[in-house]
Amino acid sequence: MVEYCDCNIWYKKKKKSAFKKFAIFLAIFLLVLGGFFYYKNVIITRIFRICEDYTSVCMTKTLNNAVIATLTDKINYYDLVNVEKDSSGNVAFMTTNSFKVNVISRNITDTAQKSLEIELLEGVPIPFLAFTGIGVLSGYGNEIAFKSIYLSQVDCEFSSCFKSVGINQTLHSIYIDFNAKIFMEVPLGETEVLHKTSVLLCESVVIGKVPDVILNGNLFG
């Protein structure tokens, strides 16, 4: 009588089963890893980009409204800048009214910051399909209010520029520069974005030759 040993068959089945389990584990691991990188590098980037665009628009609107609300009367150029001329009618030097500038800057900053904080509390409306990370679909779907967004820093300052508009005629424009740092956070991701926007406050044509040291400088620096 011949006895049959199935040890080899059992070993091959066990080896095949182990390989199959490893292949399944590897496939799941690669799928999870791929999903993680897709979420990290595509979906989060898409969400942050939408938030950046939205907050940029909000900042411009907020600053314009803050300027209008703060400066009920149109500001006069000579309320902010003193122009001294020599006997020939040329500009000898220019100075700023520091007190007036600081008051306006503080009031506009406070008003703009409060308004922007209220805007951010309401959240950024993001179409649902934007969470797929697919660009062509990012504008579709019901909007979800993304509220993990905060105002971390705000400041407001004055700047100016000179532009020649004729012989011994120089246009001096004064701007309010509004800077705000926006912090955004999602699971496994966060970023901080610096937004800058400027609004023309007032301008005037200065008659007389303006020295280069003034043209190339910053009165509000």
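Residues numbered from 1 in each chain as written. Predicted model: local features only at pLDDT ≥ 70, side-chain atom pairs only at ≥ 80, totals over all residues. Heavy atoms only, no water.

Caption draft 1: Just the packing of aromatic side chains, in detail. Taken as a whole and assessed by the stated rule, the structure comprises 4 aromatic pairs. Centre to centre, the rings of Phe36 and Phe37 are 5.6 Å apart; their planes meet at 75 degrees, and the pair counts as edge-to-face. An angle of 90 degrees between the planes, with centres 4.9 Å apart, marks the rings of Tyr77 and Tyr78 as edge-to-face. Owing to a relative accessible area of 4%, Tyr77 belongs among the buried residues under this scheme. (Phe/Tyr/Trp six-rings, centres within 6.5 Å; stacked < 30°, edge-to-face > 60°. Buried < 20%, exposed > 50% of the residue type's maximum accessible area, 1.4 Å probe, protein only.)

Caption draft 2: Region of the structure containing the side chain of Ser159. Tracing the backbone shows Ser159 in strand β5 (residues 149-166). The class for Ser159 is buried, based on a relative accessible area of 18%. Here the side chain of Ser159 touches Asp177 through a polar contact of 2.7 Å, side chain to side chain. Once residues within four sequence positions are removed from consideration, Ser159 is found in contact with Ser173, Ile174, Tyr175, Asp177, Asn218 and Phe220. (Helix = DSSP H or I, 4+ residues; strand = E, 2+ residues; numbered from the N terminus. Polar contact = N/O pair within 3.5 Å; in protein donor to acceptor, adjacent residues only side chain to side chain. Contact = heavy atoms within 4.5 Å.)

Caption draft 3: Highlighting helix α3 (residues 98-121). Its 24 residues give α3 an end-to-end C-alpha distance of 34 Å, which sits within 8% of 34 Å, the value for a rise of 1.5 Å per residue. Among the residues of α3, Val101, Ile104, Ser105, Ile108, Thr109, Ala112, Leu116, Glu119 and Leu120 are the ones counted as buried. Phi for Gly123, located one or two positions after α3, is positive at around 90 degrees. (Expected span 1.5 Å × (residues − 1).)

Caption draft 4: Fine view of the pairing of strand β1 (residues 81-85). With 5 bridges connecting them, β1 and strand β2 (residues 91-96) associate as antiparallel partners. Following the sheet pairing, Glu84 is matched in β2 by Phe93. Between β1 and β2, which pair antiparallel and follow one another directly, the connecting turn spans 5 residues, one of which, Gly89, has a positive phi of 85 degrees. (Pairing = 2+ DSSP bridges.)

Caption draft 5: A look at the sheet that holds strand β6 (residues 169-186). Taken in spatial order, the 3 strands make up an open sheet running β5-β6-β7, and their pairing is antiparallel. Looking at which strands have only one partner, the edges of the open sheet turn out to be β5 and β7 (189-207). When strand polarity is set aside, the average angle formed by the axes of neighbouring strands in this sheet is 15 degrees. Lying on the sheet, α3 is in contact with β5 and β6; it crosses β5 at an angle near 135 degrees. (Axes fitted to C-alpha atoms, helices over the stretch in contact; angles between N-to-C directions.)

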